[in-house]
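# Observations on the three-dimensional arrangement
These are the residues of each chain, in order.
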Amino acid sequence: MRILVTGAAGFIGSHLSEKLIELGHDVIGVDCFTDYYSKDIKRNNIASLIKNERFQFIEADLLKLDLRKLISGIDYIYHQAAQAGVRPSWGKSFEVYNRLNILITQRLLEAAAKTNIKRLIFASSSSVYGDTPDIPMTEHSLLYPLSPYGVTKLAAEQLCYLYWKNFQVPVVSLRYFTVYGPRQRPDMAFNRFIRATILGEKIEIYGDGEQTRDFTYIADAVSANMLCMENGSPGNVYNIGGGSRITVNKVIEKIENISGSKLEVSYQEVQKGDMRHTYADISKAKDELGYAPSIGIDEGLANEVNWLNEINKKGLLCR
Ligand code: NAD
Ligand code: UGA
């Protein structure tokens, strides 16, 4: 199959591209190395991919490309490109979230409406749930995003639905729940905390640290995407949680145990936009996709620690 991965140099997009290549597909990866975090890190993410002749990399901004031309002859699209941080989405930066999360998705859908693609699989987010009263969250739960980022992901997801409903674009949305593991973005909690053990720096915890996340290991998020190719039902959304729901305080304890060093923690105000808890009911993904997360938090964290130690040796550890 010929597969387009947008955001291919990012955390999830690079893993996804590698898996698709491993399974024998041809992958066209697009990324423009936005300045949200270091370009060197992203280049490192795709270092082995670009050596593979079945991976074609296009360094370009999706907003500037002729998308109809880009997707001609493509069988599947994995749309990962976005501005992904939750907490920095307020104020002036909302404009960026609007363009990268909503406008690009609309343009991609518009282009896909005139093709025979088999699936467009959209990277949605647990942040669409926000203040929902349900724990665990199901795909039928009420949606009250708490961050401007969450609003843009929900808008994009709903655009996906309406292009399915009106133009039969076979779109499936996967609501990832806080993904972690090697190549995790440097703004995310685990990366920050582990980095601090390596560099001997202080960390900040937002709130009392008793908030929970249903952390999802990267290989499990990738496997959900693979299952979607055959089993994802167009027009549908699926929760992709990792089954490792724990508090941030517990994560710190685990990182201290793995790294053998004590972290200096400063407790700060709760950040605007942060959900208190996330917890995915994954029965729909289990039943319809055959999804079953297989990597627990201890193994997954150890893998991320090893990766950050490697990155440090390469001089790429970024703050
Ligand atoms: P990431 O920032 O590592 O990857 C996104 C990539 O998209 C970046 O490399 C960026 O340069 C690229 N990009 C952005 N705008 C672009 C444009 N206009 N043209 C070309 N490339 C562009 O983020 P990630 O953590 O890998 O997240 C991937 C997707 O998954 C995002 O859509 C995000 O919203 C979603 N998501 C992530 C998580 C998570 O925990 N990481 C959870 C839920 C949802
Ligand atoms: C993550 C991703 O960053 C988003 O792209 C994604 O959309 C979202 O998951 C999702 O599941 O949809 P978040 O859960 O905020 O967002 O992930 P982290 O940055 O890893 O934060 C996890 C928890 O740690 C949050 O409660 C946050 O407040 C806390 N945190 C984070 C700290 O206490 N200190 C920090 O320095 C960073």
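Data block above holds the structure.
Residues numbered from 1 in each chain as written. Chains lettered and ligands numbered in written order. Predicted model: local features only at pLDDT ≥ 70, side-chain atom pairs only at ≥ 80, totals over all residues. Heavy atoms only, no water.

This brings us to helix H10 (residues 297-313). In this model, H10 (17 residues) spans 24 Å end to end at C-alpha, consistent with the 24 Å of a helix rising 1.5 Å per residue. Residues of H10 that are buried: Ile297, Gly300, Leu301, Glu304, Val305, Trp307, Leu308 and Ile311. With its buried residues spanning 165° around the axis, H10 presents them on a single face. (Helix = DSSP H or I, 4+ residues; strand = E, 2+ residues; numbered from the N terminus. Expected span 1.5 Å × (residues − 1). Buried < 20%, exposed > 50% of the residue type's maximum accessible area, 1.4 Å probe, protein only. Arc of directions from axis to C-beta.)

In the structure shown here, the tally under the stated rule is 10 aromatic pairs. Ring geometry for tyrosine 180 against phenylalanine 190: centres 5.1 Å apart, planes inclined by 65°, an arrangement best described as edge-to-face. Of this pair, tyrosine 180 sits in strand S7 (residues 179-180) while phenylalanine 190 is found in helix H6 (residues 189-199), placing the two residues 10 residues apart along the sequence. Both residues of the pair, tyrosine 180 and phenylalanine 190, belong to the buried class. Where tyrosine 180 meets phenylalanine 215, the ring centres are 6.4 Å apart and the plane angle is 85°; that geometry is what we call edge-to-face. Placement of tyrosine 180 in strand S7 and of phenylalanine 215 in strand S9 (residues 212-217) is noted, with a sequence separation of 35 residues between them. You can call tyrosine 180 buried: its relative accessible area is 0%. Ring pairs connect the aromatic residues Tyr180, Phe190, Phe215 and Tyr217, which therefore count as one cluster. Between the NZ or CZ atom of lysine 42 and the centre of the ring of tyrosine 37, over which it lies, the distance is 4.5 Å. (Phe/Tyr/Trp six-rings, centres within 6.5 Å; stacked < 30°, edge-to-face > 60°. Lys NZ or Arg CZ within 6 Å of the ring centre and 35° of its normal.)

Turning our attention to the site of ligand 2. In the vicinity of ligand 2 lie 22 residues, with Ala84, Ser125, Ser126, Tyr149 and Asp274 positioned nearest. Tyrosine 149 is positioned with one of its side-chain polar atoms (N or O) 2.6 Å from an oxygen atom of ligand 2. Contact distances for ligand 2 include 2.8 Å between an oxygen atom and a backbone N or O atom of threonine 178. About the coverage of ligand 2: the protein hides 95% of its 700 Å² of free accessible area. Put simply, the parts of the chain that give the shell around ligand 2 at least two residues each are H6 and strand S8 (203-206). Looking at the shell around ligand 2 residue by residue, the class counts come to 11 nonpolar, five polar and six charged. (Near = heavy atom within 4 Å. Polar contact = N/O pair within 3.5 Å; in protein donor to acceptor, adjacent residues only side chain to side chain. Areas by Shrake-Rupley, 256 points an atom, 1.4 Å probe, with all protein chains shown as cover. Nonpolar A, V, L, I, M, F, W, Y, C, P; charged D, E, K, R; others polar.)

Contacts to ligand 1 come from 30 residues, most closely from Asp31, Tyr37, Tyr149, Lys153 and Val179. Residue aspartate 31 places a side-chain N or O atom 2.6 Å away from an oxygen atom belonging to ligand 1. Measuring from an oxygen atom of ligand 1, one finds a side-chain N or O atom of tyrosine 149 at 2.7 Å. Here ligand 1, which alone exposes 820 Å², has 98% of that area covered by the protein. Listed by contribution, the elements that provide at least two residues to the shell around ligand 1 are helix H1 (11-22), helix H4 (94-112), strand S5 (119-125) and helix H5 (148-167). The biggest single contributor to the shell around ligand 1 is S5, with three residues.

Before going further, it helps to examine the sheet that holds S9. Read across the sheet, three strands follow the order S7-S9-S11 without closing on themselves; strand pairing throughout is mixed. Edge positions in the sheet fall to S7 and strand S11 (244-247), since each has one partner strand and no second. Sheet topology note: the S9/S11 ladder contains four bridges and is antiparallel. Its bridge partner lying in S11, aspartate 214 is registered against arginine 245. Across the sheet, helix H7 (residues 218-231) lies against S7 and S9, angled at about 70° from S9, the strand it touches most. (Pairing = 2+ DSSP bridges. Contact = heavy atoms within 4.5 Å. Axes fitted to C-alpha atoms, helices over the stretch in contact; angles between N-to-C directions.)

Bringing the pattern of salt bridges into the picture now. One pass over the full model with this rule turns up 15 salt bridges. For the salt bridge of aspartate 75 with lysine 118, the shortest nitrogen-to-oxygen distance reads 3.1 Å. Of this pair, aspartate 75 sits in the loop between helix H3 (67-70) and strand S4 (76-79) while lysine 118 sits in the loop between H4 and S5, and the two are 43 residues apart along the sequence. Residue aspartate 75 is classed as buried on the basis of its relative accessible area of 18%. Residue class for lysine 118 comes out partly exposed when judged on its relative accessible area of 34%. The salt bridge involving arginine 175 is made with glutamate 157; its shortest N-O contact spans 2.6 Å. Of the two residues, arginine 175 is situated in strand S6 (residues 171-176) and glutamate 157 in helix H5; the sequence distance between them amounts to 18 residues. Of the two residues, arginine 175 and glutamate 157, both sit in the buried class. One connected set of salt bridges, linked through shared partners, spans Lys39, Arg43 and Glu59. (Salt bridge = Lys/Arg side-chain N within 4 Å of Asp/Glu carboxyl O.)

Time to look at unusual backbone geometry. In this chain, isoleucine 135 is followed by proline 136 through a cis amide linkage whose omega measures -5°. Secondary-structure assignment places proline 136 in the loop between S5 and H5. Positive phi values are uncommon outside glycine, yet phenylalanine 33 reaches one of about 50°. With respect to the helices and strands, the residue phenylalanine 33 is situated in the loop between strand S2 (26-31) and helix H2 (39-45). Residue phenylalanine 33 is classed as buried on the basis of its relative accessible area of 8%. A positive phi angle, close to 55°, is found at glutamine 168, a residue other than glycine. When you line up the elements, glutamine 168 lands in the loop between H5 and S6.

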